[in-house]
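# Residue-level structure breakdown
Each chain, letter by letter, is given below.
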Amino acid sequence: MSTYDKIKEIEAEMARTQKNKATAYHLGTLKAKLAKLKRELITPAKSGGGAGEGFDVAGTGVARVGFVGFPSVGKSTLMSKLTGTFSEVSEVEFTTLTTVPGTLQYKGAKIQILDLPGIIEGAKDGKGRGRQVIAVARTCSLIFLVLDVLKPLTHKAVIERELESVGIRMNKQPPNIVFRKKDKGGINMTSTVPLTHLDKDVVKSVLNEYRISSADISLRCDATVDDLIDVIEGNRVYIPAVYVLNKIDQISIEELDLIYKIPHAVPISAHHEWNFDELLEKMWEYLNLARIYTKPKGMLPDYSAPVVLKKDQASVQDFCNAIHRAILKEFSHALVWGTSVKHNPQKVGREHILLDEDVVSIVKKK
């Protein structure tokens, strides 16, 4: 029996099983089995021929945004209008057959844009070169889920399901669970919050499936079985996503008002270039980037070429390394102007966290 058949069999059994306290142990075991089988889809055998021609794209810029969606929803048109990179456009489905890279300059940051081939239901099982598409999607800093507003929102659910099943968690934070395997001592489980989805028996059922008999587990959130499995598997990627609802030029104002109620959504018209400003602003917000300006000693700040950092990796040390790693060897302190300091300028060390649009002047050792 193939991996796909085994997955379908387990999914069918889970659908048949009623969810209650008596079946929680059994469902936990089934979910763990399912996760182990899906891991084989994420990391196929090395003899499988790699990612496939045209799918391996060298990373450029400070972040990578991937366009994921069904065929003929307007991904290539959007790509061409945003970046000036030609990606073949046609009314025929599956016009784009490989990854088409482009570059977008926004707020001084160089951002790589990838137009991925159209995804279809069953992509996780390898249909329509789906596995290669999803492998590239896992490397992105942000996913643009491009949807056609004229088509039902079931398309949104299908793509979410395809991406979820191969370990991509969109618009979610990693569960606050500390898991550590041990050689002996049994299962030691502690929690800092009341648990409504898990108990020790369910946790043991999952760990038994992974043949783990001794471990320390600290639950700092009201975790589900799926959260626990995600932590044990350790191969999940947590990526922000924006739902880009294209072709709004073909719907009414009333329908547009309804679309705005969808979380993480931005309605646009790629053909007419409507609402691109909001889309780019949302992209910047979700990429979580900070622009830091340099100020050479005795000169004005250089606002033309900011150093762009991730907000969670924006210390003075990160700033120095982004310019050149040799700077830290001669580093004495930094002078900072901006919202991250109380006084302008303020003398800070290498651990100081910088905020968007701060100005930094590096002072070397004498």
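Residues numbered from 1 in each chain as written. Predicted model: local features only at pLDDT ≥ 70, side-chain atom pairs only at ≥ 80, totals over all residues. Heavy atoms only, no water.

Looking at an unreviewed UniProt entry, the chain carries the name GTP-binding protein rbg1, with the source organism given as Coemansia javaensis.

### Let's talk about the overall build of the chain
Spelled out, the test is: Helix numbers and strand numbers start at the N terminus; a helix is a DSSP run of H or I with at least 4 residues, a strand a run of E with at least 2. Think of it in three bands: residues with accessible area under 20% of the maximum for their type are buried, residues over 50% are exposed, and the middle band is partly exposed, with areas taken using a 1.4 Å probe on protein chains only. We call two residues in contact whenever any of their non-hydrogen atoms come within 4.5 Å of each other. Per-residue and other accessible areas follow the Shrake-Rupley method at a 1.4 Å probe size, with only the shown protein chains counted as cover for residues.
A tally of regular secondary structure across the chain gives ten helices and 16 strands. Here the chain holds 366 residues, and the buried ones make up 45% of them. Sequence separation of 24 or more characterises 64% of the internal contacts of the chain that already satisfy a separation of 6 or more. Carbon and sulfur atoms make up 51% of the accessible area of the chain, which amounts to about 19,200 Å² in all.

### Some words on unusual backbone geometry
Cis rather than trans, the peptide bond between Asn 344 and Pro 345 has omega equal to -5°. One can find Pro 345 in the loop between strand 14 (331–337) and strand 15 (346–348). Notably, Asn 171 is not glycine yet its phi reads approximately 55°, a positive angle. Mapped onto the fold, Asn 171 is located in the loop between strand 5 (168–170) and strand 6 (177–181). Look at Asn 171 and you get partly exposed, because its relative accessible area is 26%. Positioned with a positive phi, His 264 is a non-glycine residue whose angle comes to about 65°. Turning to its location among the elements, His 264 is positioned in the loop between helix 8 (253–259) and strand 11 (265–267).

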